[in-house]
Amino acid sequence: MAQLFFKYGAMNSGKSIEILKVAHNYKEQGKSVILMTSAFDTRSGVGTIKSRIGLSADAIALTPDSNLYDIVVELNPEVACILIDECEFMTKDQVLQATRLVDELNIPVMAFGLKNDFRNELFEGSKYLLLYADKLEEMKTICWFCKKKATMNMRMVDGKPVYEGDQIVIGGNEMYYPVCRRHYNNPPIK
């Protein structure tokens with residue numbers, strides 16, 4: 001029985017390497033997968049899933065107007081699994097399209113992404129994945145400043161934390177730190 005999975009974590013929790021590992025395991029067994037990622041993430045080029053340790057794979061670049069259900073039906077409705085990176089950027093409609101892929105076509109969908117933004121607000125895709133996913137899994141990492149589990153993302157501008165601004169600003173370690181609640185509220189840098 002297919003299910004919709006939402007695997008979420010703070011920055012640096014290994015989401016992209018995990019999606020690439022899952023894709024490799026399916027392909028090694030001769031099973032087909034469809035990889036998708038957000039067109040917003042241009043760090044390694046549009047339509048590329050790249051981990052911080054250097055592994056990468058081509059993926060379908062999703063825009064807010066993309067219809068996941070239609071894409072899969074057109075490409076391969078017999079696919080073994082659909083893997084979506086940067087799922088926080090999905091729209092509510094796209095999350096509902098993912099549920100249709102699971103419920104109507106019996107295709108497992110695994111969505112990987114952030115749960116909350118740097119303001120500690122839910123992303124649209126994350127909000128609806130939390131509501132509609134059959135399985136939730138937190139991917140863990142440690143705080144940039146201590147040994148506690150990181151549950152939040154701190155945006156840095158000119159070496160200082162910021163708590164206001166546009167929700168979507170793409171960046172990596174130069175701009176975002178995974179942090180625990182204590183250091184989110186009281187960063188050791190000012």
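Remember, predicted model here, so these are calculated numbers, not experimental data. (Residues numbered from 1 in each chain as written. Predicted model: local features only at pLDDT ≥ 70, side-chain atom pairs only at ≥ 80, totals over all residues. Heavy atoms only, no water.)

Asks: Help me out: how do you make sense of the UniProt feature "binding site: ATP" (unreviewed entry) in the protein chain in this one?
Replies: Residues given the UniProt feature "binding site: ATP" (unreviewed entry) here are G9, A10, M11, N12, S13, G14, K15 and S16. As for the annotated residues, the ones lining the largest cavity are G9 and A10. With respect to the secondary-structure elements, A10 resides in the loop between strand 1 (4-8) and helix 1 (15-28). Leave out the neighbours within four places in its chain, and A10 touches K15, L114, M139, T141, A150, T151, M152, N153 and P178. With respect to the element layout, K15 can be found in helix 1. Beyond its immediate sequence surroundings of up to four residues, K15 is in contact with K7, Y8, G9, A10, F112, G113, L114 and M139. (UniProt positions renumbered as here; feature names shortened; annotations may be inferred. 1 Å grid on protein atoms, 1.4 Å probe; cavity = no way out; pocket = protein on both sides within 12 Å on 5 of 7 lines; lining within 4 Å. Helix = DSSP H or I, 4+ residues; strand = E, 2+ residues; numbered from the N terminus. Contact = heavy atoms within 4.5 Å.)

Asks: Can you help me understand the sheet that holds strand 10 (residues 160-162) in this one?
Replies: As summarised here, the arrangement of the three strands in space is 10-9-11, forming an open sheet in which the pairing is antiparallel. Edge positions in the sheet fall to strand 10 and strand 11 (176-179), since each has one partner strand and no second. Direction aside, neighbouring strands of the sheet carry axes that sit 45° apart on average. As judged from the three bridges shared by strand 9 (residues 152-157) and strand 10, these two strands associate in the antiparallel manner. Paired with V157 across the bridge in strand 10 is K160. (Pairing = 2+ DSSP bridges. Axes fitted to C-alpha atoms, helices over the stretch in contact; angles between N-to-C directions.)

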